[in-house]
Amino acid sequence: VLLPDGYTPHKRYPLLVLLHGLNGDYDSYAVAGDTSVFDGFPGIIVMPEGADGWYTDWWNNGERGGPAWESYELNEVIPAALARFPILPQRRYHAIAGISMGGLGAAYLGSRLPGFFGSVASLSGFVDPQYFAEIADPAMGFLSSASQKGDSDWDPVYGPPHGFYATGHNPTALVTNLEQTRVFVSTGNGEPSSAELSQYNANTAVLACVDPAGGACFTGDWATENQIIYPMSELYHRALVAAGVDVTYEVQPGGHDDPHFRQELKAMLAWGLFKPVVSDPSSWVDQTVATGGQLWDVGYRFDKPPTAVVQFRRVGALLSISQAGSAVTLTTSRGCVIRTGTPATVQIPSRSCHARPRARPARPGG
């Protein structure tokens, strides 16, 4: 956790959840020196552990067991941050961001909790895993995990590449979930930037490791950005625009490496993470494969894990739920509990459903 200058528990602050990339951990930003970018930042920055878990509750041949990284971030990290630190309650003051795998996590988890996060930022993000499935060697699986483990499952993280579980975890397929959210997307184009060239010997191979200043060795990775991240970002941006999302998209020279990531962090901060957003929309759409969660003022819990991507659509007081393979229990912010089979359309009560305490008879002598 990075606290702002002059922090006091007697004042409330904005919150940024900052997710690390593949082969990183909770202190990656500190180790890389990227936390210096946040000098003067007005909010509390929470940088949770994500291992190499893709911020996803893994498919695991349909068992959906651990690792359960999306549940950890949503159900443990965020509640713990809210309990331990004085966070401003308004949605506009909650942002989630990340680099590479963390960019995927920010885009996906932001869509899982749309009523909480007002801004989402994906920096060189792995924002379209199904695109990667198209260009990768099929024998490798989505993320090479199946072949590395000798697992019979094509991919234990997402399952079949065009299955419903993969689609339900693909930010590019879930852009309508961010209709009411500010989104920042940035990517490199795979050409060396000036920041990279200052640490790179142009006479060496494309992937070079040089130590011009006697410090940490720099590895420039322009191929990953050019062949994977940039095409993904283009597809994600087009999908966001088509869905009418408020998106800012920036393409800069740079590769999939820390000098470029640091420039992206600076661009994100210049964009602004805590600007006004809609706080309580009367209409919204959200698609999910999660067994339970919170969508604006409505919580949901399916009896069984969904067997398809489930769409919730709210228009005024009416909430429609597509086929999920089981019944669902809805809980509104006014304390109303509604149980229904799926598909269904239900009316959300406008009044509180909390039981009113009955008046007690006066006690003798009272």
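Residues numbered from 1 in each chain as written. Predicted model: local features only at pLDDT ≥ 70, side-chain atom pairs only at ≥ 80, totals over all residues. Heavy atoms only, no water.

*Asks:* When you look at the sheet that holds strand 15 (residues 337-340) in this model, what are you seeing that I'm missing?
*Replies:* Where strands meet in a sheet, backbone hydrogen bonds hold them as pairs that are either parallel or antiparallel. Strand order in the open sheet formed by 4 strands is 10-11-14-15, with antiparallel pairing between adjacent strands. At either end of the open sheet lies a strand with only one pairing partner, and these are strand 10 (292-295) and strand 15. Going across the sheet, the axis of each strand differs from the next one's by a mean of 20 degrees, ignoring polarity. Examined bridge by bridge, strand 10 and strand 11 (residues 298-302) share 4 bridges and lie antiparallel to one another. Bridging across to strand 11, Gln294 finds its partner in Gly299. (Pairing = 2+ DSSP bridges. Helix = DSSP H or I, 4+ residues; strand = E, 2+ residues; numbered from the N terminus. Axes fitted to C-alpha atoms, helices over the stretch in contact; angles between N-to-C directions.)

*Asks:* For this particular structure, what's the right way to read the side chain of Asp155?
*Replies:* Here Asp155 lies in the loop between helix 5 (145-149) and helix 6 (164-167). A polar contact is formed between the side chain of Asp155 and the backbone nitrogen of Tyr158, at a distance of 2.8 Å. (Polar contact = N/O pair within 3.5 Å; in protein donor to acceptor, adjacent residues only side chain to side chain.)

*Asks:* What's the story with the pairing of strand 16 (residues 344-347) in this structure? I'm lost.
*Replies:* Put simply, side chains in a regular strand alternate between the two faces of the sheet. Only one face of strand 16 is buried: it carries Ala344 and Val346, and the other face, with Thr345 and Gln347, is open. In this sheet, strand 16 lies alongside strand 13 (residues 318-321) in antiparallel orientation, the contact comprising 4 bridges. By the bridge assignment, Ser320 is partnered in strand 16 with Thr345. (Buried < 20%, exposed > 50% of the residue type's maximum accessible area, 1.4 Å probe, protein only.)

*Asks:* When you look at the packing of aromatic side chains in this model, what are you seeing that I'm missing?
*Replies:* The geometry of two aromatic rings is summed up by the distance between their centres and the angle between their planes. One pass over the full model with this rule turns up 14 aromatic pairs. Summarising the aromatic geometry, the rings of Phe38 and Phe41 are spaced 5.6 Å apart at their centres and angled 85 degrees between planes, so their arrangement reads as edge-to-face. Classification of Phe38 as buried rests on a relative accessible area of 5%. Using a relative accessible area of 10% as the deciding quantity, one classes Phe41 as buried. (Phe/Tyr/Trp six-rings, centres within 6.5 Å; stacked < 30°, edge-to-face > 60°.)

*Asks:* I keep staring at the confidence of the model for the protein chain and nothing clicks. Help me out?
*Replies:* Keep in mind that low pLDDT regions are not for reading the predicted coordinates in detail. A residue-level look at the protein chain finds 84% of positions with pLDDT of 70 or above and a mean pLDDT of 87. For the stretch residues 144-151, pLDDT sits under 50, and the model shows 15 contacts to residues farther than four places along the chain or on other chains. Segment residues 356-366: pLDDT under 50, and 0 contacts once partners within four positions in sequence are set aside and those in other chains are kept. (pLDDT = per-residue confidence, 0-100. Contact = heavy atoms within 4.5 Å.)

*Asks:* What is the right way to look at the sheet that holds strand 4 (residues 119-123) in this model?
*Replies:* If you walk across this open sheet you meet the 6 strands as 2-1-3-4-5-8, and the pairing is parallel. Edge positions in the sheet fall to strand 2 (44-46) and strand 8 (246-252), since each has one partner strand and no second. Strand-to-strand, the axes of this sheet are offset by a mean angle of 15 degrees, without reference to chain direction. Where strand 1 (residues 15-19) lies against strand 2, 3 bridges are found, and the strand directions are parallel. Residue pairing across strands places Leu15 opposite Ile44, the latter belonging to strand 2. Of the strands in this sheet, strand 1, strand 3 (94-99) and strand 4 touch helix 3 (residues 101-112), which is tilted by about 150 degrees from strand 3.

*Asks:* Even after reading the chapter, I still don't get the nonpolar core, so can you show me in this structure?
*Replies:* Nonpolar side chains in soluble globular proteins tend to be buried together. Core analysis: the biggest nonpolar cluster contains 48 residues, and Ile96, Phe126, Val183, Tyr236 and Leu240 have the highest contact counts within it. For this core, the secondary structure elements donating two or more residues are strand 1, strand 2, helix 2 (69-84), helix 3, helix 4 (129-135), strand 5 (182-188), helix 8 (222-242) and strand 8. Setting aside residues no more than four positions away along its own chain, Tyr236 makes contact with Ala107, Val127, Pro171, Thr172, Val175, Leu178, Val183 and Val185. Core analysis: the next-biggest nonpolar cluster, separate from the first, contains 21 residues, Phe38, Ala267, Trp271 and Leu273 among them. (Core = buried A, V, L, I, M, F, W, Y, C linked by side-chain atoms within 4.5 Å.)

*Asks:* Just to check I follow, could you spell out the environment of Asp258 for this structure?
*Replies:* Considering the arrangement of structural elements, one finds Asp258 in helix 9 (residues 258-271). Its relative accessible area of 24% is what places Asp258 among the partly exposed residues. C-alpha of Asp258 to C-alpha of Ala32: the two residues are 226 residues apart in sequence and 7.5 Å apart in space. Ignoring sequence-local partners within four residues, the contact set of Asp258 consists of Ala32 and Asp34.

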